[in-house]
Amino acid sequence: MKKFLGVSALTLALTACGGSSTDKKPDDKVVQNTAPTLSGSLTINTKALEPATLVVDVKDEQNDTITATIIDKPEWLNLSSKNNQVTFKIEPSLFDIANHTFTVEVSDGKATNQYTLIVNVAENREAWQSITLSDDDIIGNWHTKDASIQLIFASKDSGVLSHNGELSAFKWSNPDVVALNTHAIDCVLDCSQKALIEIDVLAKRDDALRVEFFNVSEDKGDVVTLYKTQPELRSHYYVDTRVSTFHTVNHLNTEAEESYFEFVLASSVPTPSGKTLFQPYADFSAMLNGTQLTITSDTLVNTYNTSQLHKDGYEFNVAFDLNLIDAEIIAQFDDFLVVKVSHNLTYHDEITPSQIAESAELVAAMQTQTSIGTFRRITPTAVPNLEIGTRYTGRLDNKIADTGEGLTLRYVPTHFAITAANQATVTFNTPKNNDSFKWHYTLDNNGETIKLTGNGSDTSLQFFTMHTGKMLYALERNKEERQARLAYELLEVIDETNITLADYKEVFSYLRQDFIIGNNKVFWFINDDGKGSYYFNSSFGETDAAYFTPNAYWQLESDNSITFALMSLCPNADEFVSCKNEILANETGSYLSLANFKMLYKDGDKYIFDRLIWQRLYDYSDQVYKENVYQHSYWMGQQ
């Protein structure tokens, strides 16, 4: 591979800095003592791994015995004196490439002179020899002095990279060079490559590596020194790294109190037809002991059912439990934290082992596995000024609610308005009709938190600043519901009167990684003919709605939102109104829905959209049809 690296020039100079002498009055019988001096240009220019020598003259007018020393002398720089000469010898390694300055002192025991020595050691590419390290040598935490590169090799194949403040996860291998295949930090399965980075180790010592850090994808790199570090843990709050309007607030507590975390695990079960992949959220609390986290909450994450092969040769349903085993803090840097969780699969039913035909792949899948979670540090802050008449993004509570009119709200609205000094109100309509629902909350603001009451809620809100500078507010912890705390981005909602149809005439895609599967991405769009799609899988790179096959009719509503009606649910319709009416008139359909999108916030080519879905579903357990409303907000990007 072709590599382009910049190398700085190095210089060496020695200049007199002045001196002192014994304080005696001149006397005809006493000779005035003077400090010894160095003469000549003490300049050495060399390269790493190339020894160099410099000899200069030293003189004392009184012919006293002279000593010469280097203050704060490194091991690779030595000095000797003989026959009125001082000899400097340097043997710099690859770790010593830099501009160095030292103080040289010459003394006759009564007076001294000091000189400044500048040593420049240049790069020496011709002397590079790659060093092969074992996996155990590599695993650990590494960083440059300026923290522009922070590397965490968390396990024998996974890790986390912070490069100039941007976080990535990676898979790594260690043949002749250490190769990092980086991907999005919040991706767990089917992750597409962001960049390929090669780390060529040029020199090694106990606490550091001299490496060439080369981005193959960009064809550029640097030679840097990586220093090994051990976590010195401190209590901080952290937030997950997903691109989302809602987050979980996590807490590492080093003060003999519970820590709590939530992040996605990666697990899979082989089946007769291939493999079943799982991405469950693991939510747990733990006590910290050193870097180990002893889990104190329930360790069962979820139970899954998959098809397996019976010993008698037929397929049958098998239930697996996904369990947490333990956790460990791998790294804590100034702005992020890395946690490793061990987990395994076990049979949910005791009778299963006697029935199942275990393959080698299944046995391997049920061994202990590990998942890596990365969290961004957040800083607690005072309650911001919430202006009356302003709407903000985020949920004030999160629960299932019944309107009393046969309609169940599975998730509550995703934005609220400050309607008085101590009151917040949420107002929303369903795609089915224009009936408004209003919920009112009382806000008791003490400057540090807000106590929230109303609509059956009684909680408090704490505010944080994220690394992006945006504000986050978190509901208080409720261990009965979950261990980590739910939190939402606090942003001012766009005035709906300023939203036009033109704002929606783009192709938008979800930015959350769980809406990206393999090479498919979820899009929604509208065309001028009243047709579009609100859920469409397409390969990366397709951005022109003209090439997409519409699957829905759409309509611009009075509040400047967009409602979609699926064509498959109204085969006799040819536009939105007739399609909507046909869907609502069907009282026995097993799956009926309408979807509504509304623009809440804009940041460049990224938007927050409120997505509200009305559905009529047949509940087989109760043998009745039920109406539900699901409401979320999502970050979406313009394609």
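The notes below deal with the structure included here. (Residues numbered from 1 in each chain as written. Predicted model: local features only at pLDDT ≥ 70, side-chain atom pairs only at ≥ 80, totals over all residues. Heavy atoms only, no water.)

1. Focus on the pairing of strand β44 (residues 562-566)
Counting buried residues along β44, five of its five residues qualify, which places the element largely inside the surrounding structure. In β44, alternate side chains face the same way, and those of I562, F564 and L566 on one face and T563 and A565 on the other are all buried. Sheet topology note: the strand β43 (residues 552-556)/β44 ladder contains five bridges and is antiparallel. When the bridges of β44 are listed, Y553 appears paired with A565. (Buried < 20%, exposed > 50% of the residue type's maximum accessible area, 1.4 Å probe, protein only. Helix = DSSP H or I, 4+ residues; strand = E, 2+ residues; numbered from the N terminus. Pairing = 2+ DSSP bridges.)

2. Comments concerning the sheet that holds strand β12 (residues 158-163)
Pairing is antiparallel in the closed barrel, where eight strands are placed in the order β10-β11-β12-β13-β14-β15-β16-β17. Neighbour-to-neighbour, the strand axes of this sheet turn through a mean angle of 30 degrees, independent of strand direction. Of the strand pairs in this sheet, β12 and strand β13 (residues 166-173) are connected by six bridges, and their pairing is antiparallel. Counterpart to G159 in the pairing with β13 is F170. (Axes fitted to C-alpha atoms, helices over the stretch in contact; angles between N-to-C directions.)

3. Observations concerning the nonpolar core
Within the largest apolar cluster, 61 residues are counted, with the highest numbers of intra-cluster contacts made by F416, Y473, W524, F564, I583 and F609. What F609 contacts, discounting residues up to four positions off in sequence, is Y504, F508, W524, F597, K598, M599, H632, S633, Y634 and M636. The next biggest cluster of nonpolar side chains, apart from the first, holds 32 residues, and it includes L42, I70, W76 and V86. (Core = buried A, V, L, I, M, F, W, Y, C linked by side-chain atoms within 4.5 Å. Contact = heavy atoms within 4.5 Å.)

4. Considerations on the pattern of salt bridges
Within this structure, the stated rule accounts for 21 salt bridges. Here K110 and D64 are joined by a salt bridge, their closest N and O atoms 3.3 Å apart. With K110 in the loop between β8 (98-107) and β9 (112-122) and D64 in the loop between β4 (52-59) and β5 (67-71), the pair connects residues that are 46 residues apart, well separated along the chain. We classify K110 as partly exposed; its relative accessible area is 48%. Residue classification places D64 among the partly exposed positions, given a relative accessible area of 22%. Notably, a salt bridge pairs R616 with E627, separated by 3.7 Å at the nearest N-O pair. Within this pair, whereas R616 is found in strand β46 (residues 606-619), its partner E627 is found in strand β47 (residues 624-638), the two being separated by 11 residues in sequence. Just as R616 is buried, E627 falls in that class too. Put simply, E258, R477 and K479 are held in one network by salt bridges that share partners. (Salt bridge = Lys/Arg side-chain N within 4 Å of Asp/Glu carboxyl O.)

5. Some remarks on the pairing of strand β15 (residues 195-205)
Two elements, strand β14 (residues 178-183) and β15, share five bridges in a ladder whose sense is antiparallel. Opposite L180, over in β15, you have I197 as the bridge partner. As paired elements, β15 and strand β16 (residues 208-215) share eight bridges and run antiparallel to each other. Counted as the bridge partner of D200 is E212 from β16. Counted along the chain from β15 to the antiparallel partner β16, the turn is two residues long.

6. Considerations on helix α5 (residues 576-585)
Inspection of α5 places F576, C579, K580 and I583 among the buried residues, and these make up the whole buried set. In a view along the axis of α5, the buried residues occupy a sector of 100 degrees, so they form one face of it. The secondary structure elements touched by the buried residues of α5 are β43, β44, β45 (591-603) and β46. (Arc of directions from axis to C-beta.)

7. A word on the state of the cysteines
Following the criterion strictly, the structure yields two disulfides and no others. Disulfide pairing is shown between C187 and C191; the S-S distance is 2.0 Å. Taking the sign of the S-S torsion, -105 degrees for the link of C187 and C191, the bridge is left-handed. Of the residues examined, C187 reaches a relative accessible area of 11% and is grouped as buried. On the accessibility criterion, C191 (27% relative accessible area) is partly exposed. The residue that forms a disulfide with C570 is C579, at a sulfur-sulfur distance of 2.0 Å. Judged by the torsion about the S-S bond (-80 degrees), the C570/C579 disulfide is left-handed. Its relative accessible area of 0% is what places C579 among the buried residues. Numbered by order of appearance in the sequence, the disulfide-linked cysteines of the chain pair as 1-2, 3-4. (Disulfide = S-S within 2.5 Å.)

Purely geometric stuff here, so don't read any function into it on its own.
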